[in-house]
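Chains, contacts and geometry: an overview
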Amino acid sequence: MGEKMRILIIRLSSIGDVILTTPILKKLKEKNKNLKIDFIVLDKFKDAIEGNPNIDNLIIFKKDTDDGIKNIRHFSKILKENKYDYVFDLHSKIRSRLITFFLGEKTFRYIKRSLYKTILVKSGLIKYRADNTIVKNYFDAFKVLGIDYNGEDLEFNFSEKDEEKVESYKNYVVFAPGASKNTKKWTVEGFGKLAQLIKERYKTEIILIGSPKEKEECEEINKISGNICINLAGELSLKESGALLSKAKFLVTNDSGPFHIGRGVKTKSYVIFGPTDPNMFEYDELGVLIYGNEPCSPCSLHGDKKCPKDHFNCMKNISAEDIIKRIEKK
């Protein structure tokens, strides 16, 4: 792999899945410094990967101008001029498949779970078990370039300006209580109680982060804690959140983007799993799993609006005391 070549990698969304491509980017550049890497991401998720030193050309797919068959055909026609040696589709859904179809180049794909397995899980007939971690599955698509999986060494990049915005929050504990689906969220009562325990044990401030939509939920956690938290939900950009996490004492988060951002900035991150399969990722001194392992879990591919059994034991049975014990284990 010493010759000059240009490749295209497609991973359009979302925050965590985009960040999970970074070990591959690093490994590719280590193997061939002359390799030119183009990377396509949706405009909404560009902050998850922008600034990565291993990407030579970040291509933004804009939903309002590039979406739809006609626009994707035009988008791909422009890409075709780059004459890629290899194309890698790590998204493997309709939009990315259309891009590669119109590109007309041989494409190596990230192999997702089989359709029959998805149907059986969604029908509640089987529990969902990941066949492999997401990063290992990503690496499989790159066998043609002779690179081997070497762990989840994630990377998240931010600027000095982002760092300046959060300079005063050094060595605080950060909670990220949001998630894409309700059942992936640990309870507000749990987070509120955990804030109290951490304040007692560590004599440190607790910061709550999240999207503007999660501000109210974070305020509820703050009230349960006795108003001891700093609610920054909706106040920080994704890059600023990464800068904040890089300075944090540690992070407590649900199975969501902040878990991967935390690991990407090399901050100890405790991740709480309930209805989804924790075997999608690997864990080490930076990524620490908290999982109740209920008999009915994991029951879902990506979480749901409500617990299919109406008891939500996978999250309710994890107590603040359980988590503080795990944190004190170091």
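Above: the structure in question.
Let me begin by describing the structure that accompanies this report. (Residues numbered from 1 in each chain as written. Predicted model: local features only at pLDDT ≥ 70, side-chain atom pairs only at ≥ 80, totals over all residues. Heavy atoms only, no water.)

Here's the deal with the pairing of strand 6 (residues 173-176)
When a strand is regular, its side chains alternate between the sheet's two faces. Of the two faces of strand 6, both are covered, the one formed by V173 and F175 as well as the one formed by V174 and A176. The pairing of strand 6 with strand 7 (residues 206-208) spans 3 bridges and is classified as parallel. The partner of V174 across the bridge, within strand 7, is I207. With helix 9 (residues 188-202) bridging strand 6 and the parallel strand 7, this β-α-β connection has right-handed handedness. By the bridge criterion, 4 bridges tie strand 6 to strand 9 (residues 250-254) in an arrangement that is parallel. Bridging across to strand 9, F175 finds its partner in V252. (Buried < 20%, exposed > 50% of the residue type's maximum accessible area, 1.4 Å probe, protein only. Helix = DSSP H or I, 4+ residues; strand = E, 2+ residues; numbered from the N terminus. Pairing = 2+ DSSP bridges. Right-handed = clockwise from strand over helix to strand, strands pointing away.)

Observations concerning the side chain of K239
Assignment of secondary structure puts K239 in helix 11 (residues 238-247). No salt bridge is formed by the buried K239, whose closest oppositely charged neighbour, D47, lies at an N-O distance of 5.4 Å. From its side chain, K239 meets the backbone oxygen of D47 in a polar contact 2.9 Å long. Apart from residues no more than four positions distant in its own chain, K239 is found in contact with D47, E50, F156, N157, F158 and D162. (Lys, Arg positive; Asp, Glu negative; His and termini not counted. Salt bridge = Lys/Arg side-chain N within 4 Å of Asp/Glu carboxyl O. Polar contact = N/O pair within 3.5 Å; in protein donor to acceptor, adjacent residues only side chain to side chain. Contact = heavy atoms within 4.5 Å.)

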